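For reference, the chains in residue letters:
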Protein chains: 2
Amino acid sequence: MALDAEAASEHKGVGGAAPAIVPVILSGGAGTRLWPLSRPGRPKQLLPLVEARTMLQMTLARLSCLPEAAAPIVVAGARDAEEVARQAAGIGIVPAALILEPLGRNTAPAIALAALSARANDLLLVMPSDHVIGRPEALADAVRAAAPLAAQGWILTFGLPATAPETGYGYIRRGAALAPGVEAAAGFVEKPPIETATALVASGDHLWNSGIFLFRAGTILDALAACAPDVRDAAAAALAAAVRDGHEIRPNAEAFARSPSISIDYAVMEHADRIAVAAADMGWSDVGSFDALYGILDKDEEGNAAEGDVVALGTTDCLIRAEGITVAAIDVEGLVIVATKDAVLVSRRDSSQKVSEIVRRLAERDKP
Amino acid sequence: MALDAEAASEHKGVGGAAPAIVPVILSGGAGTRLWPLSRPGRPKQLLPLVEARTMLQMTLARLSCLPEAAAPIVVAGARDAEEVARQAAGIGIVPAALILEPLGRNTAPAIALAALSARANDLLLVMPSDHVIGRPEALADAVRAAAPLAAQGWILTFGLPATAPETGYGYIRRGAALAPGVEAAAGFVEKPPIETATALVASGDHLWNSGIFLFRAGTILDALAACAPDVRDAAAAALAAAVRDGHEIRPNAEAFARSPSISIDYAVMEHADRIAVAAADMGWSDVGSFDALYGILDKDEEGNAAEGDVVALGTTDCLIRAEGITVAAIDVEGLVIVATKDAVLVSRRDSSQKVSEIVRRLAERDKP
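Residues numbered from 1 in each chain as written. Chains lettered and ligands numbered in written order. Predicted model: local features only at pLDDT ≥ 70, side-chain atom pairs only at ≥ 80, totals over all residues. Heavy atoms only, no water.

**Student:** What is the right way to look at the overall build of chain A in this model?
**Tutor:** When you go through chain A residue by residue, the secondary structure sums to 12 helices and 17 strands. For a compact globule of 368 residues, the expected C-alpha radius of gyration is about 21 Å, and chain A comes in at 21 Å, within 12% of that figure. The C-alpha extent of chain A, read off along each of the three principal axes, is 65 × 45 × 40 Å. Counting only residues that meet the buried cut, chain A has 54% of its 368 residues in that class. Residue pairs at least 24 apart in sequence account for 69% of intrachain contacts in chain A once pairs closer than 6 positions are excluded. With an accessible surface of roughly 14600 Å², chain A has 52% of that area assigned to carbon and sulfur atoms. Across chain A, the centroid of the 32 positively charged side chains sits 3 Å from that of the 45 negatively charged ones. (Helix = DSSP H or I, 4+ residues; strand = E, 2+ residues; numbered from the N terminus. Rg over C-alpha atoms; globule rule 2.2 N^0.38 Å. Buried < 20%, exposed > 50% of the residue type's maximum accessible area, 1.4 Å probe, protein only. Contact = heavy atoms within 4.5 Å. Areas by Shrake-Rupley, 256 points an atom, 1.4 Å probe, with all protein chains shown as cover. Lys, Arg positive; Asp, Glu negative; His and termini not counted. Charge placed at Lys NZ, Arg CZ, Asp CG, Glu CD.)

**Student:** Help me understand the packing of aromatic side chains in this model?
**Tutor:** We describe a pair of aromatic rings using the distance from one ring centre to the other and the angle between the two ring planes. Applying the stated rule across the entire model yields 6 aromatic pairs over all chains. Each ring, one from Tyr 169 of chain A and one from Trp 284 of chain A, has its centre 5.3 Å from the other, and the planes form 75°; the classification is edge-to-face. Pair noted here: Tyr 169 of chain A is in the loop between β6 (155-161) and β7 (170-179) and Trp 284 of chain A is in strand β13 (residues 284-285), with a separation of 115 residues, a long-range link. Both residues of the pair, Tyr 169 of chain A and Trp 284 of chain A, count as buried. An aromatic cluster is defined as three or more aromatic residues linked by ring pairs; in this entry it consists of Tyr 169, Trp 208 and Trp 284 of chain A. One residue, Lys 299 of chain B, lies across the ring of Tyr 294 of chain B, its end atom 4.5 Å from the ring centre. (Phe/Tyr/Trp six-rings, centres within 6.5 Å; stacked < 30°, edge-to-face > 60°. Lys NZ or Arg CZ within 6 Å of the ring centre and 35° of its normal.)

**Student:** How should I be thinking about helix α12 (residues 355-366) of chain B in this particular structure?
**Tutor:** For an α-helix, 3.6 residues make a turn, and residues three or four places apart therefore share a direction. In this model, α12 of chain B (12 residues) spans 17 Å end to end at C-alpha, consistent with the 16 Å of a helix rising 1.5 Å per residue. Among the residues making up α12 of chain B, those that are buried are Val 355, Ile 358, Val 359 and Leu 362 of chain B. The buried side chains of α12 of chain B occupy one side of the element, clustering within an arc of 100° when seen end-on. Here the buried face of α12 of chain B lies against β14 (305-313) and β15 (319-330) of chain A together with α11 (290-296) and β17 (343-348) of chain B. (Expected span 1.5 Å × (residues − 1). Arc of directions from axis to C-beta.)

**Student:** What is the right way to read the pattern of salt bridges from this model?
**Tutor:** A side chain of one charge can pair with a side chain of the opposite charge if their charged atoms are brought near each other. Per the counting criterion, the structure on display carries 40 salt bridges over all chains. For Arg 250 of chain A, the salt bridge goes to Glu 248 of chain A, with nearest N and O atoms at 3.3 Å. With relative accessibility at 35%, the residue Arg 250 of chain A sits in the partly exposed group. Two residues, Arg 365 of chain A and Asp 309 of chain B, come together in a salt bridge whose shortest N-O distance is 2.1 Å. Remark: Asp 309 of chain B occurs in strand β14 (residues 305-313) and Arg 365 of chain A occurs in helix α12 (residues 355-366); the pair is interchain, linking two chains. You can call Arg 365 of chain A partly exposed: its relative accessible area is 39%. Residue classification places Asp 309 of chain B among the partly exposed residues on the basis of a relative accessible area of 26%. Each member of the salt-bridge network shares a partner with another, and the members are Glu 357, Arg 360, Arg 361 and Glu 364 of chain A. (Salt bridge = Lys/Arg side-chain N within 4 Å of Asp/Glu carboxyl O.)

**Student:** Mind showing me how you'd approach helix α2 (residues 55-62) of chain A here?
**Tutor:** Within α2 of chain A, 7 of the 8 residues are buried, which leaves it mostly tucked inside the rest of the structure. Summarising the contacts, the buried residues of α2 of chain A are in contact with β1 (21-27), β2 (73-77), α3 (81-90), β4 (123-128), β5 (132-133) and α5 (136-151) of chain A.

**Student:** So what exactly am I meant to see when it comes to the interface of chain B and chain A here?
**Tutor:** The extent of an interface is frequently quoted as the accessible surface area lost upon association of the parts. With 33 residues of chain B at the contact, the number on the chain A side is 33 residues. Summed over the shared surface of chain B and chain A, the result is 4 salt bridges. For the interface between chain B and chain A, the tally reads 18 residue pairs in polar contact (both at pLDDT 80 or more). Those elements that place two or more of their residues in the side of chain B that touches chain A are β14, β15 (319-330), β16 (335-339), β17 and α12 of chain B. Among the residues forming the side of chain B that touches chain A, the class breakdown is 20 nonpolar, 4 polar and 9 charged. The pairing of strand β17 (residues 343-348) of chain A with β15 of chain B spans 5 bridges and is parallel. Following the sheet pairing, Val 344 of chain A is matched in β15 of chain B by Val 327 of chain B. (Polar contact = N/O pair within 3.5 Å; in protein donor to acceptor, adjacent residues only side chain to side chain. Nonpolar A, V, L, I, M, F, W, Y, C, P; charged D, E, K, R; others polar. Pairing = 2+ DSSP bridges.)

**Student:** I would appreciate a short explanation of the relation of the copies chain B and chain A in the present structure.
**Tutor:** Mapping one chain copy onto the other needs a rotation about an axis and a shift along that axis. Its rotation angle being 180°, the transformation that places chain B on chain A also includes 0.0 Å of axial translation and leaves an RMSD of 0.0 Å. Those values place the two copies in the arrangement expected of a two-fold rotation axis. Residue Lys 341 of chain B, judged by its C-alpha, is the member of chain B lying nearest the rotation axis, at 3.1 Å. Mapped onto chain A, 100% of the interface residues of chain B are again interface residues, and the two copies thus contact each other with one and the same surface. (Least-squares fit on C-alpha atoms with pLDDT ≥ 70 in both.)

**Student:** Help me out: how do you make sense of the pairing of β17 of chain B in this one?
**Tutor:** Side-chain direction in a regular strand flips from residue to residue, so the side chains alternate between the two faces of the sheet. All names here are of chain B. Within β17, 5 of the 6 residues are buried, which leaves the element mostly enclosed by the surrounding structure. Across 5 bridges, the pairing between β16 and β17 is antiparallel. Looking at the pairing, Ala 339 lines up with Val 344 of β17.

**Student:** Before we go on, may I ask you to explain the confidence of the model for chain A in this structure?
**Tutor:** In regions of low pLDDT, the predicted coordinates are not meant to be interpreted in detail. Residue and element names in this part refer to chain A. Mean pLDDT over chain A stands at 93; residues scoring 70 or higher make up 95%. Below a pLDDT of 50 lies the segment residues 1-15, which in the model reaches 29 contacts outside its immediate sequence neighbourhood of four places, other chains included. For this predicted complex, the interface confidence comes out at an ipTM of 0.86, alongside a pTM of 0.87. (pLDDT = per-residue confidence, 0-100.)

Now the structure itself:
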């Protein structure tokens, strides 16, 4: 991996061997939607939500479905440095680089840091670290179908069958076919209101945006330069003044703070040309709420997904999670009950997206 | 107070001044119905469930409605000795005697211990320590109306308007009038099935048994000798070998253990003659479940009774209690949510009488 990214980006168009696919794992999220499991110091991706491995470990392990890929770049919050390194080591993975963001600035600046740390011709496979992908081979097939277009300078998104009018997701309109399984992206709709979402799902020509991307490092840096130059400039300045220790890179905080906080969707996808979408029915979940977590967990015959020291009586269709505490439930249904040693959430399962509001209120209240 | 009760009981029929009313506060209950607030080492009566004072403190303080009464005898579990003494002192009350049961044997043996520690002519006003009485002056009036009959050897119960077909209560059938506000008790029905309870309430001639009694010490000892001699014998032997320290009396454990575990209702009330009932609409609650506790607490405009560090969103008609932990509730209604540092209960409010079953299961599970 070239660490002099500015120099490397001069290599545009170097042909020959197929460019390397470099996974970029974004692990910088704070996660307020799974409180009280997730906390500022314990973000969702570092928790064993779905199985014994954490979401980050599941994401890293999933890369084995793409054996031709290089070692991953991991972008994480500086606060989580030790835990991220420990979790990667725990499943025998050493990242090519561990970029430690001094503060969270959303996905566009994180991707800029990764792109500037790679070779311009590397194909960056950007993946969130807190999603579940039940059929990773479907993703691998889509990546292989998309790679030639990415090498030609297209920005590839991966689209999911839109099966419900979700208002929290981004939607991609399918355009002209570019290659088998790959179409031009004819438009983006980010987090539409319910009426729009319903229409988009009914249209049949929209896919959910998975948040997984494939592009040349050089391509995305050019797109950032065109669409969000202050993001790219701040990331470049932060890396120029970075503290490096082995594979750990600590970008300069002051420089990085100058970047706007913006997602790659808003910064680039909605503005750039040559965006494509590869559909992949990969058994995806963003585990974006306790209800979503309930959806992917195994249930007992009463429909409960219970973990920890739980006693349930006449209780059905509940997600119950006890961490270091005993939970008893009597004659309740369709609830989320999540208890840790210092906090308890009891919510209707279909209201569990309102957890962020609880976190906001608690933060508000705890202000001096 | 005479400590040689056997000798004192020879004084039957001594006339002259009105006999002293000696409150006997029963504080020996273990309490499994308010788990996880109540625990083996933290019984219900020692908890501040309804207000800042504990139930025992409320009970002791309530005696001020009867200023003519003597200092109370308190019967408590030996395990709770320090806490009971501390709580009594906390409201400036020094019991005439603090009888510390070496083990719980239900109310009949506890009352036998108190009766044997009093003078035969003392009128014992026996009261549970874990009830709420909203109108203590109504109780005081009933006690005064009943005292002459008690002095004549009647066993007085205090009856409450039976307003619902409760299956957990005892019912007393009203018989012939004995004095203004006092009638003979024509029969007892203990914890009837729902059909019977419904019929009893509909009949209009049944009162709930409040668990409050008034009788001469000599009368109840004679009744015990007749109906449950092993209770009286075990209590007498336990007191004969008791360890006494100031006003603290520690009955001998081995002797006391020989008593059957039986309530005064089963041991005496259902068998003895000359039982009377004084009706008293005293604003009574046994706080026998979280739903009952909800019933007597103040509610906010959403119908929630919340205490502790609670954030509620779209939540109505819930009892929420957080002790040393944060509780957040979203869009739930009619629930009991009680959380302590090591255990959480989430129950439908109208299922909260099933809490004992949870306690039983936890005990079962924790067996070696």
